[in-house]
Amino acid sequence: MQLRLVRRIGMSLGLVAGLVVVGNCARSDKEAGHLLATTAGLIFSGGRILTLGEPATVEAVAVGGGRILAMGDRAAVEKFRGPDTVDYDLAGRVLAPAFADHHVHLLNLGLALLYRAEPLPTFVDLTGSSSLEAIGEAVQARTRALAPGTWILGQNWSQGAWGATELPTHEVLSAAAPDHPVYLTRVDGHAGWANNKALRSAGIDAATPDPPGGVIARTSDRSPSGVLLERANELLRPLLPVPSPAEIRRAFRLAAEALSAQGVTEVFDAGFLGPPGIVDLSLDLEHYLTNLVETDLESPLPLRVHLMVPAPSPLAERIVADPVRYRHLTPRIGVTHLKLYADGALGSRGALLSHPYADDPATKGIERMSRQDIKREALAALDAGLDVATHAIGDTAVEWTLDVYEEILGEQPGLRPERLRIEHFSYAKPEDFGRAAKLGIVVAVNPDFVAPDDQGLAMEDARVGLGNSERVYAIGRLAAAGARLAFGSDYFAAPPAEPLLGFYAATTRQNANGLPVDGWHPDERLSRIESLRIQTRLWPPGGGEPERGVLAVGGRADLVVLTDDPLSVEASAILGIEVDATMIDGAIVDAD
Ligand SMILES: [Zn+2]
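Please read these numbers as outputs of a predicted model, since none were measured by experiment. (Residues numbered from 1 in each chain as written. Predicted model: local features only at pLDDT ≥ 70, side-chain atom pairs only at ≥ 80, totals over all residues. Heavy atoms only, no water.)

K.L.:
Now, about the sheet that holds strand β7 (residues 123–125): what can you tell me, with residues and values included?
P.N.:
Strands sit in the order β7-β8-β9-β10-β12-β11 across an open sheet of six strands; the sheet is mixed. Both edges of this open sheet fall to β7 and β11 (214–218), since each of them pairs with a single strand only. For this sheet the average axis-to-axis angle between neighbouring strands, irrespective of direction, equals 20°. For strand β10 (residues 191–194) and strand β12 (residues 224–230), the ladder comprises three bridges, and the chain directions are antiparallel. Paired with Trp193 across the bridge in β12 is Val227. (Pairing = 2+ DSSP bridges. Helix = DSSP H or I, 4+ residues; strand = E, 2+ residues; numbered from the N terminus. Axes fitted to C-alpha atoms, helices over the stretch in contact; angles between N-to-C directions.)

Quick look at the structure:
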């Protein structure tokens, strides 16, 4: 991110001239009870200012006390000029509301960035690894410098990258590292790939039963073949080394800075995944939470963070017993949701389908939680004043989650439906698109998942079958039904260089590589303005109408300076748009 600020504006709200009365920043706009400043700290002008409301553009915007004081023509804004007001010349660039991301994994994003900046001898980044041989060689290279018995960890493999649909087996890793336990997590965070030494260390053998909510992939004689799915990973994960508090804190800061550099000022963290990036509810999640809070208290992170804590877990139990203690952990961080997992992911065939997988008829996926479990956890959360977000990818998982939400809304007529969310909603039965809309729950989709390239056949098509393909990532169908849509990137490895990838994918149904040329199921495209509104608005904890997204007097000054206009550039130029500056609560984030 390049800064072109006239002079540095500190993070402290107190530096902005005028009356500053700001509520607890982690609270939503409607709770804040703020008074507006009377003098502008900053006036933006000289470019295209998108309000995403009416009128569509304005000439200038005045910011003070963390809020938008005035917007309109120059005269309307000049009234708020004071002796210390700074002019920000957009120089032909574009000012727009900053972005919100409803689904990221900060810890894992940050650790990936940390290990990329400072490679660890025990960690292998497998992003893009396109052959089993290359992975074997990378692992073997690590063994040379490490004492036997030392764990080698890695993340971000995908069998599609080396042209396979079947999951890998332990042999390549066992041959590369006979004396070192190896554990590598899949790009979806729902499958772990272990070598013999690791499986033996965890006591996993032919006699080990599959745990509830998990599957040990096996050979014909029942011995483990190397991949652990869903909760089977919890058999092995407790043996893994844990990052130090210093690493964890640096990781959180790197993650927040990376998102801020992409124009994001507010996120929902969809749960800390056990390093190296696996959904694991047996972890001591409080340890990570404590480090996140300390990082922010040390020096405020340039991000508001609403935490969704995985349940059932020991931390979720403590939060439900004492929600007030966790609601506002720092001015910008608080626990808002319990995160439940109905199923797994399509890539590793853990998503729960109503039919056998097209490319493995022996399985319909994995039920991580029953309807009864989802309902019990959801009610506990709601009773404690927390909202609920349930991961549901397969059509049966989506159906069951909707069943539970429908029951709860029927039993509690006063409950705001926006307090219930479905994460991903990747594949659904025809009737469930309309049902989600009718219930009024929030559907947090991932437009950037539309990046299918599996040697000509989309991974998703291979899994569900081409005849069902039109029900995968059917975002346009959800929008047409009137669903309350939110966008999430699901970043848990380094974010891509393109800040507007999700917007690009939602509006073109293409991926960063431009495949396929006409977009994947182009009928599901959303309009530019609709996509940008979704990308910038936030469904607030506690329910109610969306906040942010439209520039308005009195609204938070969360803004982004873009090098071009995402509403009007050629589609092919969207990914080339850069974020030149990000402002949160009226303060420009310093790129240093
Ligand atoms: Zn996720």
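Here the narrative resumes, following the displayed structure.
K.L.:
A description of the pattern of salt bridges should follow, citing residues and the corresponding values.
P.N.:
With the rule as written, the count across this model stands at 38 salt bridges. Here Arg249 makes a salt bridge to Glu298, at a shortest N to O gap of 3.7 Å. Taken together, the positions of Arg249 in helix α7 (residues 245–261) and Glu298 in helix α8 (residues 285–298) put the pair 49 residues apart, joining distant regions of the chain. Of the charged contacts in the structure, one is a salt bridge between Arg349 and Asp359, with a shortest N-O distance of 3.0 Å. Taken together, the residues Arg349 in the loop between β15 (333–341) and α11 (371–383) and Asp359 in the loop between β15 and α11 connect sequence positions 10 residues apart. For Arg349, a relative accessible area of 8% gives the class buried. Judged by its relative accessible area of 24%, Asp359 falls in the partly exposed class. A cluster of three or more residues bridged by salt bridges with shared partners is formed by Glu266, Arg304, Arg332, Arg548, Arg556, Asp558 and Asp585. (Salt bridge = Lys/Arg side-chain N within 4 Å of Asp/Glu carboxyl O. Buried < 20%, exposed > 50% of the residue type's maximum accessible area, 1.4 Å probe, protein only.)

K.L.:
I'd like a description of empty space enclosed by the protein, backed by residues and values.
P.N.:
Throughout the structure, instances matching the rule amount to three cavities of 30 Å³ or more. As a volume, the largest cavity reaches approximately 150 Å³. In this structure, the largest cavity is lined by 15 residues; those nearest its centre are Asp101, Ser489, Tyr491, Pro499 and Gln535. Considering each element in turn, the lining of the largest cavity owes the most residues, three residues, to strand β6 (residues 99–104). Here the lining of the largest cavity is built from residues that sort into eight nonpolar, five polar and two charged. (1 Å grid on protein atoms, 1.4 Å probe; cavity = no way out; pocket = protein on both sides within 12 Å on 5 of 7 lines; lining within 4 Å. Points joined across faces, edges and corners; volume = space filled by probe spheres on them. Nonpolar A, V, L, I, M, F, W, Y, C, P; charged D, E, K, R; others polar.)

K.L.:
Break down unusual backbone geometry for me, with residues and values.
P.N.:
Cis rather than trans, the peptide bond between Pro275 and Pro276 has omega equal to 10°. When you line up the elements, Pro276 lands in the loop between β13 (264–269) and α8. In this structure, His424 is a non-glycine residue whose phi angle is positive, near 85°. Mapping His424 onto the fold places it in strand β17 (residues 420–424). Its identity as a non-glycine residue notwithstanding, Tyr473 has a phi of 50°, on the positive side. Along the polypeptide, Tyr473 turns up in the loop between α14 (459–464) and α15 (475–481). Assessed through its relative accessible area of 8%, Tyr473 is described here as buried.

K.L.:
Talk me through the packing of helix α16 (residues 501–508) against helix α17 (residues 528–536); I want residue IDs and the actual numbers.
P.N.:
Packing of α16 against α17 brings their axes to within 9 Å, and their N-to-C directions diverge by 145°. Between α16 and α17 the crossing geometry is right-handed. The residues of α17 that touch α16, namely those facing Gly502, Phe503, Ala506 and Thr507, are Arg528, Ser531, Leu532 and Gln535. Of the residues contributing to the contact of α16 with α17, the split by class is three nonpolar, four polar and one charged. (Left-handed = near helix turned anticlockwise from the far one by under 90°. Contact = heavy atoms within 4.5 Å.)

K.L.:
Hey, could you go over the sheet that holds β17 for me, with residue numbers and the actual values?
P.N.:
One open sheet accounts for eight strands, arranged β6-β13-β14-β15-β16-β17-β18-β19; its pairing is parallel. Only two strands of the sheet have a single neighbouring strand rather than two, namely β6 and β19 (484–487). Pairs of neighbouring strands in the sheet enclose a mean axial angle of 25°, with direction left out of account. Here strand β18 (residues 442–445) pairs with β19 via four bridges, running parallel. Considered in β19, the bridge of Ala444 is made with Ala486.

Geometric values such as these leave the question of function open.
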